[in-house]
Amino acid sequence: MTLEHPSLPLMLGMMRLHERPELQTPERLADWLEARLDQGLDWFDHADLYGGEGHNERLFGEALRRRPGLSSRVRVVTKAGILMAPGAAKHYDSSPAWLAGAIDRALARLGVERLDLFLIHRPDPLMEAEATTRVLDDAVRAGKVAALGVSNFLPEQWRRLQAALSHPLTHHQLQLSLTRSAPLFDGQFDALRRDGLSPLAWSPLDGGALFEGSTGQALNHLADHHGVSPASIALAWLRRLPGSPVPVIGTLDPARITTLHDEARLSLTRQDWYTLLEAARGDEVA
């Protein structure tokens, strides 16, 4: 399974679903989902953490149950492994019991027969790779999960997991943007490409920080030149990378999603790409 541009220009992040009052009823969320699917946007990024204790997955599933015809059209990514229990320290859990339960709970909340992609949300120093991978392999064999990946892992962390897995890790979701470009220079991005992992970029607009200062000025200049939004320029910068990282966008606003979708075929020149990098780093490329 591949998720590469241009077939997948955007992935829609569900992290802030619980913050949108107009999407809290199943019927309204079903309308929103159907409109996105009609646009050709069918990948939705979840985590059991989002909204607290699976709340956003549950909202999503209630909308699918309200309109059953949508469930066969959506493609679902979800993540597990971060725990924030009341009165306890935030921690990670990649134990077999937790991940096996997390997969089953996600399927039940989302109301889908299979997770198209399941990611371990954060690397867990206490992970016993052989035990964890037995659960992941079993989930694939049972048809509960179509593909496996990781999020926020370093190369040796995902390689330790892969060495014990029978099925390949196919995706890595990492923080990557014009103003968070360290993985391009510390070897992490090269490592995921070498190991055949398709990149998914979370926070591709760096929470709006890249629209400020000299980076914002450079984005605005190129946006005016190309007749598109500054955000689309920032996402085009990401897609110019080898492997065309898929941006996981956080907005749920239909108009903004439509703009980013309609402008997704923009391709930047090499000169434009480096001009933006120089603006973001604040100095010339060495």
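Our subject is the structure listed above.
Residues numbered from 1 in each chain as written. Predicted model: local features only at pLDDT ≥ 70, side-chain atom pairs only at ≥ 80, totals over all residues. Heavy atoms only, no water.

Visitor: Before we go on, may I ask you to explain the sheet that holds strand β7 (residues 148-151) in this structure?
Guide: Within a sheet, each strand pairs with its neighbour through backbone hydrogen bonds, oriented either parallel or antiparallel. Taken together, 8 strands build a closed barrel; the order of strands is β1-β2-β3-β6-β7-β8-β9-β10 and the barrel is parallel. Between one strand axis and the next, the sheet turns through 25 degrees on average, direction left out of account. Examined bridge by bridge, strand β8 (residues 169-175) and strand β9 (residues 198-202) share 5 bridges and lie parallel to one another. From the neighbouring strand, His-172 faces β9, where its bridge partner is Pro-199. Its contacts with the sheet put helix α5 (residues 155-164) on β6 (117-120), β7 and β8, and the angle it makes with β8 is roughly 160 degrees. (Pairing = 2+ DSSP bridges. Helix = DSSP H or I, 4+ residues; strand = E, 2+ residues; numbered from the N terminus. Axes fitted to C-alpha atoms, helices over the stretch in contact; angles between N-to-C directions. Contact = heavy atoms within 4.5 Å.)

Visitor: What exactly am I supposed to notice about the pattern of salt bridges here?
Guide: Here the idea is simple: oppositely charged side chains can pair when their charged atoms come close. Considering all chains together, one arrives at 16 salt bridges under this definition. Across the pair Arg-20 and Glu-22 runs a salt bridge, and its minimum N-O distance is 2.6 Å. Here Arg-141 and Asp-138 are joined by a salt bridge, their closest N and O atoms 3.2 Å apart. Highlighted residues: Arg-141 and Asp-138, both in helix α4 (residues 129-141), separated by 3 residues, approximately one helical turn. For Arg-141, a relative accessible area of 53% gives the class exposed. Taken together, the shared-partner salt bridges in this structure form one network comprising Glu-27, Asp-31, Glu-34, Arg-66 and Arg-67. (Salt bridge = Lys/Arg side-chain N within 4 Å of Asp/Glu carboxyl O. Buried < 20%, exposed > 50% of the residue type's maximum accessible area, 1.4 Å probe, protein only.)

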